[in-house]
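What follows is the residue order along each chain.
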Amino acid sequence: MIRVVLADDEKLIRSGWSTMLSVHDDIEVVGEAADGREAVGAGAGADVVLMDVRMPRMDGLAATQELARRSPATRVIVVTTFENDQLVWGALRAGAAGYVLKRAPASELVDAVRLVHSRDAVLFPDALRRIASPHHGTARPRVPVELTPRELDVLRQIALGQNNAEIAATLYVSKETVKTHVRNVLDKLGARDRTQAAVLAYELGLVFAGAGPSGPLSLRT
């Protein structure tokens, strides 16, 4: 059962989310919050929090950052009205595991909750690659990271959005081997999940997107 908390200052929005999610047997809405401070309190210990960006008392980005500190196991999906690249990037840097648009269909919202909870792939990797391009190599100070060639291969596949089974098939290794490499990559980057690994990799210049949103990924050598 995936325990979800809904954070939005509009009750009608929360009710709509609750209706969409509660019809699924594997998802349980366990709490609601009308502002950022309530979201931090209600979200601690939950599996997934749907977090609005603009809320009173504490905005969604600050709430996401605080929730990541207090409850590292909780995954936050930021929900926005408009696809603002800088806003989304700020949310991902604050600790969000992904984002969805408020106008997204119910099926997309449900899929996002399940994917983020499984921690097996990055949510919307194509969008992540597009918004990451301007931030390539911008991390200051530069964090010394020593990844093996195989770990770099795994990091590239993580940024492409592949899950463990897909990475195993691509690299011709077992899923258990992939899990070990993923764990090592997260530890070395100091990332809390795959999304954070991808974000940090872009900022460190370890991975960067090609000319277009669907262009090939490259690795720093």
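Residues numbered from 1 in each chain as written. Predicted model: local features only at pLDDT ≥ 70, side-chain atom pairs only at ≥ 80, totals over all residues. Heavy atoms only, no water.

A.B. asks: Whenever I open this one, the pattern of salt bridges confuses me. Can you help?
C.D. replies: When their charged atoms lie close together, side chains carrying opposite charge are able to pair. Throughout the structure, instances matching the rule amount to 14 salt bridges. We note a salt bridge from Asp8 to Lys102, for which the minimum N-O separation is 2.9 Å. With a gap of 94 residues between them, Asp8 in the loop between strand S1 (2-7) and helix H1 (11-22) and Lys102 in the loop between strand S5 (98-101) and helix H5 (106-118) connect regions that are remote in the sequence. In this structure, a network of salt bridges that share partners links the residues Asp8, Asp52 and Lys102. (Salt bridge = Lys/Arg side-chain N within 4 Å of Asp/Glu carboxyl O. Helix = DSSP H or I, 4+ residues; strand = E, 2+ residues; numbered from the N terminus.)

A.B. asks: How should the nonpolar core be read in this particular structure?
C.D. replies: Met51, Leu155, Leu189 and Leu206 are the most contacted members of the largest nonpolar core, which totals 54 residues. Ranked by residue count, the leading element in this core is helix H10 (residues 194-204), at 7 residues. Not counting residues up to four positions away in its chain, the partners in contact with Met51 are Ala7, Ala39, Gly60, Ala63, Thr64, Leu67, Val76, Ile77, Val78 and Val79. (Core = buried A, V, L, I, M, F, W, Y, C linked by side-chain atoms within 4.5 Å. Buried < 20%, exposed > 50% of the residue type's maximum accessible area, 1.4 Å probe, protein only. Contact = heavy atoms within 4.5 Å.)

A.B. asks: Got a minute to help me understand the pairing of S1 in this structure?
C.D. replies: Along any regular strand the residues' side chains alternate between the sheet's two faces. A large share of S1 lies buried, amounting to 5 of its 6 residues. Here 6 bridges tie S1 to strand S2 (residues 27-33), and the two strands are oriented parallel to one another. Bridge pairing in S2 links Ala7 to Ala33. Where S1 lies against strand S3 (residues 48-52), 4 bridges are found, and the strand directions are parallel. When the bridges of S3 are listed, Leu6 appears paired with Leu50. (Pairing = 2+ DSSP bridges.)

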